[in-house]
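What follows is each chain in one-letter form.
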Amino acid sequence: MATAAESSYRVRVVDESHVAPPRGSVSPTTIPLTFLDMVWISISPTQRIFFYEFPDISTPHFTQNIYPNLKHSLSLTLRHFFPFAANLTCPPPPNHPYISYKEGDSVLVSVAESDYDFDHLTANQARDNNAFHQSLVPKLPTQSLLSEETHAVPTMAVQFTVFPNSGFSIGIAFNHAAADGRSFNHFVKSWASMSVTHRIGDLPCHDKDLVQDPDGIASIYLNDWRNFLKNCLAPSSADSGNGVTPPAVVPQEKVRLTLVLGRAEIEKLKQLVVAATQTQSEPAAARISTYVVTCAFIWVLWMKIQESKEGTTGGHLDDDTLSHFIAPADCRGRLGLPFPPTYFGNCLAQISGSAKRSELLRSNGIVVAAKAIGRAICKMEKGPLTGAENSMSHFIEKLKMPSLLVTVAGSPKFRVYDTDFGWGKPKKSEVGHIGHGSFSLNECRDEEGGVEIGLVIDRQQLDFFNAIIELARAEYSMIG
């Protein structure tokens, strides 16, 4: 059951405006989508929320004294990151979507006021997920890949939400086809810098010619997505041209939690995995990093949650059923690839590992998971884009069994707690769009070397979740 505090909160929009790059600063531009962009063409908008503590704030104070500078600095930043002020244009099949910018294109920016308990919202314990997924980020229209008419949707929107006498949040939704997490992180850090110092550091590189596609992989991916959507949608929807992208399914009774693994806990996890693999010659044994053991820990945790859920819903999967772990890997700076660190767009390869669910559920499940992820990373590093022509169809195939798929959003490398608009580090940062089978990773706000893990689970599974976390801490001797 939702608490009274959670069920009664309100979010009220008090202002809306559009922010564009300075007039004449960006020429009309058409940007093609590369095959690395096309991977994300049918994915629901990415959502990131930053919370800043500001004890004496009121909505009038925010709109009169803080909001103008945020809008002005956003405008100046969009001059260099103009794809976020542009539109994703989708012509009828078989034509390819593209990003187009013309004078006057802008970002919808809104200000809202909420009576939600700011301290509760920025804590780690269970909170109503709708507050994040639906209330604190702007609604960004999604594109249709099946429409018989050309249409365009914005690539980004921003919402500021004021919590009187407590603080405010910056919620941003953006289309993943326009940019990956590193590009977005570059943008938001540049915006913060412009807001404080009136300048930004390294400028983004918009050279899409760096992505070579002699085999027409972009067309393969687009066809894969369109075929997937046709199969998912009812014939009446497909025939009418209203085949919108399926949204992330986040039921009403979901809660969001933040699980913090401290540096000492992570080191113990590493020691556990290393001890179990030190006599083996697998290359995975050399890949026991913070990222690997954290993802392995959550993969096993998620499988246990699913096992509990299957037991209550009459599900049936045999012991040899494979569970899949998929995570993005940044290609910038990797051997043999031409992408500079400031490349703007999508520049991600896929880390894809699998393991039998029965093995993940055993006492040494985290070792099994860590080895599978380690092997996947080694394979990716040998050839980040090897077999790229088939990776989309393989991914879509795994989407058909969501209970057996675990994915990751965010990265501790983004250093989200360094996003300083002049009020110090955020009190909390959340990835809004996580849901079924996906979790987020941030660096730990208060401990170097620690990790914050964002999870969304069924409210009715909360007691079970807490129990298995405590059991895991005891089993792995992690005193938290």
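Look up: the structure comes first, before these words.
Here the residue numbering is sequential within each chain, running from 1 through the sequence in written order. Two thresholds apply to this predicted model, a pLDDT of at least 70 for residue-level local features and 80 or more for giving and counting side-chain atom pairs, whereas whole-chain, interface and lining totals are computed over all residues. Think of the side-chain values as coming from all heavy atoms in the structure, minus any hydrogens and water.

**Things to note about the overall build of the protein**
Working definition: helices are DSSP H or I runs of at least four residues, strands are E runs of at least two. Numbering for both runs from the N terminus. What the protein contains, in helices and strands, is 14 helices and 17 strands. Each residue is placed in one exposure class: buried if its accessible area under a 1.4 Å probe, protein chains only, is under 20% of its type's maximum, exposed if it is over 50%, and partly exposed if it falls in between. Counting across all 480 residues of the protein, residues that qualify as buried make up 54%. Residue contacts are counted whenever heavy atoms from the two residues lie within 4.5 Å of one another. Considering only residue pairs separated by 6 or more positions, the protein has 81% of its internal contacts joining residues 24 or more positions apart. Total accessible area computed for the protein in this model is approximately 20300 Å², and 52% of it derives from carbon and sulfur atoms. Shrake-Rupley sampling with a 1.4 Å probe provides the accessible areas, and residues are treated as covered by the protein chains on show and by no other component.

**So, the sheet that holds strand β6 (residues 107-114)**
At least two bridges found by DSSP between two strands are what make those strands a pair. Read from one edge of the open sheet, six strands run β1-β6-β9-β10-β3-β15, paired in mixed fashion. Edge positions in the open sheet fall to β1 (11-19) and β15 (428-431), since each of these has one partner strand only. The sheet shows a mean angle of 15° between the axes of neighbouring strands, direction not considered. Of the strand pairs in this sheet, β6 and strand β9 (residues 156-163) are connected by six bridges, and their pairing is parallel. Of the residues in β9, the one forming a bridge with Glu-113 is Val-162. Against the sheet, helix α6 (residues 181-197) contacts β3 (46-53), β9 and β10 (167-174), and its axis sits at roughly 140° relative to β10. Axis lines are fitted to C-alpha atoms, over the contacting stretch for helices. Their N-to-C directions set the angle, which ranges from 0 to 180 degrees.

**A short note on the pattern of salt bridges**
Oppositely charged side chains can pair when the atoms bearing their charge come close. The salt bridge definition used is simple: a Lys or Arg side-chain nitrogen within 4 Å of an Asp or Glu carboxyl oxygen. Following the criterion strictly, the structure yields 23 salt bridges and no others. When the shortest N-O distance is used, the salt bridge between Lys-254 and Asp-458 registers 2.6 Å. Of this pair, Lys-254 sits in strand β11 (residues 254-261) while Asp-458 sits in strand β17 (residues 451-458), and the two are 204 residues apart along the sequence. In this structure, Lys-254 and Asp-458 share a single accessibility class: buried. The salt bridge partner of Glu-448 is Arg-415, with a shortest N-O separation of 3.2 Å. Linking Glu-448 in the loop between β16 (438-443) and β17 with Arg-415 in the loop between β14 (405-409) and β15, this pair joins segments that are 33 residues apart in sequence.

**Some details on helix α13 (residues 388-399)**
Along its twelve residues, α13 runs 17 Å from first to last C-alpha, staying within 8% of the 16 Å computed at 1.5 Å per residue. Of the positions making up α13, those classed as buried are Ala-388, Met-392, Phe-395, Ile-396 and Lys-398. On an axial view of α13, the arc spanned by its buried residues comes to 160°, and they lie on one face. The inward-facing, buried residues of α13 abut α2 (35-38), α7 (217-232), β12 (322-330), β13 (348-356) and β14. Expected helix span is computed as 1.5 Å times (number of residues minus one). Within this analysis, the arc is defined by the directions that extend from the helix axis to the C-beta atoms.

**A short note on the packing of helix α3 (residues 59-78) against α6**
Interaxial distance between α3 and α6 falls to 8 Å at its minimum, and their mutual angle equals 125°. As the angle between them shows, α3 and α6 are arranged oblique. Of the two elements, α3 crosses α6, and the hand of that crossing is right-handed. Of the residues in α6, those in contact with Asn-69, Leu-70, Ser-73, Leu-74, Leu-76, Thr-77 and Leu-78 of α3 are Phe-187, Ser-190, Trp-191, Met-194 and Ser-195. Oblique is the label for any angle not under 35 degrees, not over 145, and not in the 65 to 115 range, which are roughly parallel, roughly antiparallel and roughly perpendicular in turn. Should the near helix be turned anticlockwise from the far one by less than a right angle, the crossing is termed left-handed; should it be turned clockwise, right-handed.

**Quick notes on empty space enclosed by the protein**
Only protein atoms enter the 1 Å grid used here, on which a cavity is any set of points holding a 1.4 Å probe that cannot leave and a pocket is any open set flanked by protein within 12 Å on both sides along at least five of seven lines; residues with an atom within 4 Å of a point are listed as lining. Grid points are joined across faces, edges and corners, and a volume is the space filled by probe spheres set on the points. One pass over the structure, following the stated rule, counts five cavities of 30 Å³ or more. Approximately 90 Å³ is the volume attributed to the largest cavity. Those elements giving two or more residues to the lining of the largest cavity turn out to be α10 (290-313) and α14 (462-475). By the convention adopted, Pro, Cys, Tyr, Trp, Phe, Met, Ile, Leu, Val and Ala count as nonpolar, Lys, Arg, Asp and Glu as charged, and the other residues, Gly among them, as polar. Tallied by class, residues from the lining of the largest cavity come to nine nonpolar, no polar and one charged.

**Some thoughts on α7**
Taking 1.5 Å per residue as the helical rise, α7 with its 16 residues ought to reach 22 Å, and the 23 Å between its terminal C-alpha atoms agrees with that figure. All buried positions along α7 are accounted for by Ile-217, Ala-218, Tyr-221, Leu-222, Asp-224, Trp-225, Arg-226, Phe-228 and Leu-229. Next to the buried residues of α7 lie α2 and α13.

**Here we look at the pairing of β12**
Note: β12 against β13, nine bridges, orientation antiparallel. Paired with Ile-326 across the bridge in β13 is Ser-352. Relative to β14, β12 is paired through three bridges, and the arrangement is parallel. The partner of Phe-325 across the bridge, within β14, is Val-406.

**Some words on the sheet that holds strand β7 (residues 127-128)**
The seven strands are arranged β7-β11-β17-β16-β14-β12-β13 in an open sheet whose pairing can be described as mixed. At either margin of the open sheet sits one strand with a lone partner, and together these are β7 and β13. As paired strands, β11 and β17 are joined by eight bridges and run antiparallel to one another. Directly across from Arg-256, in β17, lies its bridge partner Val-456.

**A word on the side chain of Arg-48**
Residue position: Arg-48 is located in strand β3. Comment: no salt bridge for buried Arg-48; closest opposite-charge side chain is Glu-443, at 7.1 Å. N or O atoms within 3.5 Å of each other form a polar contact, as long as, within protein, one can give a hydrogen and the other can take it, and as long as residues adjacent in sequence are counted only when both atoms are side-chain atoms. A polar side-chain atom of Arg-48 sits 3.0 Å from a polar atom in the side chain of Ser-429. If near-sequence neighbours (up to four positions away) are discounted, Arg-48 is found in contact with Val-137, Ile-170, Gly-171, Ile-172, Phe-184, Gly-410, Val-416, Ser-429, Glu-430, Val-431, Gly-432 and Asn-442. Charged residues are defined narrowly, with Lys and Arg counted positive, Asp and Glu counted negative, and His plus the chain ends left uncounted.

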